[in-house]
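One-letter residues, chain by chain:
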Amino acid sequence: MKARSDKATQFLTVLLKILIVSAAFYVIYDRLNSDPQLSWTAFREAIQKIAHPGMLLLLFVLTFGNRFLEILKWQNMGSTLRPLSLRESTKQVLAALTAGIFTPNGIGEYAGKAFYFPKKEAGQVVFLNLICNGIQMVLTIVFGTIGLFILGYTEWALGVIVLATTLGLLFYFTQKITLKGYSFHLLFTKIQALPKSVHQKNNLLALGRYLIFSHQYYFLFQAFEVHLPYATLMGAIAAVYFMASSLPSFQFLDFAVKGSVALFFFGKLGVNDWTVVFISTLMWLMNVVVPVLLGSYYILIFKPQWTSSSASDS
């Protein structure tokens, strides 16, 4: 009876792997094939503008650096539970990204990483992932607000500051209110319980990652001969990332969401719409599609910790 159960579990696991990878490939193909704003002929012509060896090398280094710093961030956080090698962290980050491509705002990434740990540690994995990603969102808000000021959207920027201050005060005065055993005070206590060195490293890596992917955008605009002042261009990039991150979306719709927001901000600066669409698509290809393709391999060879954990417990 137990053997049948194990075989059924193995079959469902394999089936789930195939479904996840198939869905990941389908949504990528569908987005590239069905977007009316994309012309493959024009896209090939646009690619030729960045075909200079120096530019290709720079974009490769930035693309690799963006994901590599994310891997280091998770290794830093995940190692508070158990020693986590660079290889293991790479596997978990890429597989989780693939699992999260068709879930709202990448929620599937949290579950994807949790499956690599014993079931009893799932809650802690989600918590650590929240801290890992949370600082990235804080930086996006801070730089995005600065970007809004640079572009002259003062009222928007002040609105963000007022909202953030209001939420901060609300959390402070309600932190001890308990709901089903949970409270903001408990959350803050758990955050403070992590070693300072872990937080410092997480903050530094998050800052490095933000600077890398924002400059990916910057150098692509330079390649497409968009010669705006550095502060203006970086301010617009920061505003685009902030506003796009504030909207509910799926990873496979990422370039459509960021592209539409980018059209608004860069259109005001006189940048050609096609240029904005192509750059947004290239950013999506480099930072989402390539890692998802690599992550598909790790999904296929995945061996869930939950099954082995439960088996040993019995």
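Thresholds, definitions, all that
Residues numbered from 1 in each chain as written. Predicted model: local features only at pLDDT ≥ 70, side-chain atom pairs only at ≥ 80, totals over all residues. Heavy atoms only, no water. Core = buried A, V, L, I, M, F, W, Y, C linked by side-chain atoms within 4.5 Å. Buried < 20%, exposed > 50% of the residue type's maximum accessible area, 1.4 Å probe, protein only. Helix = DSSP H or I, 4+ residues; strand = E, 2+ residues; numbered from the N terminus. Contact = heavy atoms within 4.5 Å. UniProt positions renumbered as here; feature names shortened; annotations may be inferred. Salt bridge = Lys/Arg side-chain N within 4 Å of Asp/Glu carboxyl O.

**Structural notes on the nonpolar core**
Part 1 of the argument: One finds I50, L148, Y217, L220, F221, I237 and F266 to be the most contacted residues of the largest nonpolar core, which totals 37 residues.
Part 2 of the argument: For this core, the elements supplying multiple residues, two or more each, are α3 (53-78), α7 (154-173), α9 (196-223), α10 (230-245), α11 (254-268) and α12 (273-300).
Part 3 of the argument: Among the elements that make up this core, the one with the highest residue count is α10 (ten residues).
Part 4 of the argument: In this structure, F266 is in contact with F221, L233, A236, I237, V240, V271 and V276, ignoring residues within four places of it in sequence.
Part 5 of the argument: Residues V93, V198, Y298 and F302 belong to the second largest nonpolar core, which totals 21 residues.

**Some thoughts on the UniProt feature "transmembrane region" (unreviewed entry) in the protein**
Part 1 of the argument: UniProt marks residues 12-29, 49-69, 126-150, 156-174, 227-245 and 277-300 with the feature "transmembrane region" (unreviewed entry), using the numbering shown here.
Part 2 of the argument: Secondary structure across residues 49-69 divides into 81% helix and 0% strand, with the first and last C-alpha atoms of the span separated by 28 Å.
Part 3 of the argument: Measuring from the first to the last C-alpha atom of residues 227-245 gives 26 Å, for a span that is 84% helix and 0% strand.

**Observations concerning the pattern of salt bridges**
Part 1 of the argument: Inspection of the entire model under this criterion finds four salt bridges.
Part 2 of the argument: Among the ionic pairs, E70 bridges to K73, the shortest N-O distance being 3.6 Å. Of this pair, E70 and K73 are both found in helix α3, three residues apart, which corresponds to roughly one turn of the helix. Both residues of the pair, E70 and K73, belong to the buried class.
Part 3 of the argument: The partner of R82 in a salt bridge is E88, with the nearest N and O atoms 3.9 Å apart.
Part 4 of the argument: R82 sits in the partly exposed class, given a relative accessible area of 22%.
Part 5 of the argument: One salt-bridge network, in which partners are shared between bridges, spans E70, K73 and R209.

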